[in-house]
Amino acid sequence: HGSGEMAEGMFLLIEHLFGAFPLRKVYAEMSEPNSKFLGLPAGPFVEEGRFADHDFVDGRYVDHVHIAVERSQWLAFASPFRSWRDD
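What comes next is a walk through the structure. (Residues numbered from 1 in each chain as written. Predicted model: local features only at pLDDT ≥ 70, side-chain atom pairs only at ≥ 80, totals over all residues. Heavy atoms only, no water.)

### Points about the sheet that holds strand β1 (residues 25-31)
Then comes step 1: Strand order in the open sheet formed by 3 strands is β1-β3-β2, and the pairing between neighbours is antiparallel. Single-partner strands in this sheet number two, and they are β1 and β2 (46-57). Strand-to-strand twist across the sheet, computed as the mean angle between neighbouring axes with direction ignored, equals 20°.
Then comes step 2: In the sheet, β1 pairs with strand β3 (residues 60-70) via 7 bridges, with the strands oriented antiparallel. Opposite Ala28, over in β3, you have Ile67 as the bridge partner. (Pairing = 2+ DSSP bridges. Helix = DSSP H or I, 4+ residues; strand = E, 2+ residues; numbered from the N terminus. Axes fitted to C-alpha atoms, helices over the stretch in contact; angles between N-to-C directions.)

### What about the pairing of β3?
Then comes step 1: Most of β3 sits out of view: 8 of its 11 residues are buried.
Then comes step 2: Summarising the sheet, β2 and β3 pair through 8 bridges and their orientation is antiparallel. The residue of β3 that forms the bridge with Phe51 is His64. (Buried < 20%, exposed > 50% of the residue type's maximum accessible area, 1.4 Å probe, protein only.)

### So, unusual backbone geometry
Both trends apply: most residues other than glycine have a negative phi, and most peptide bonds are in trans.
Then comes step 1: One non-glycine residue, Asp53, lies in the positive phi region at around 50°.
Then comes step 2: One can find Asp53 in strand β2.
Then comes step 3: Of note in the backbone geometry, Asp58 takes a positive phi value of approximately 50° without being a glycine.
Then comes step 4: Positionally, Asp58 belongs in the loop between β2 and β3.
Then comes step 5: With a relative accessible area of 76%, Asp58 lands in the exposed category.

Okay, here's the thing in structure tokens:
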């Protein structure tokens, strides 16, 4: 089990992007095994694209997925966590 540092880093990055820039969406792309490991898509994240059999991982081809989060969805999701971040 992880320590949560990756989730915290991802949270802080997305907070920064939406706070510093007038972005409507933030995208991430990754191999399908990584998205499953992270439990994505879930919460405010949605899958917006997929390249079938695009990445070669561990001796086989796997899908490459594109995940997005919209500003409005992120603001609602992140609201309870902001007080934790400011401590």
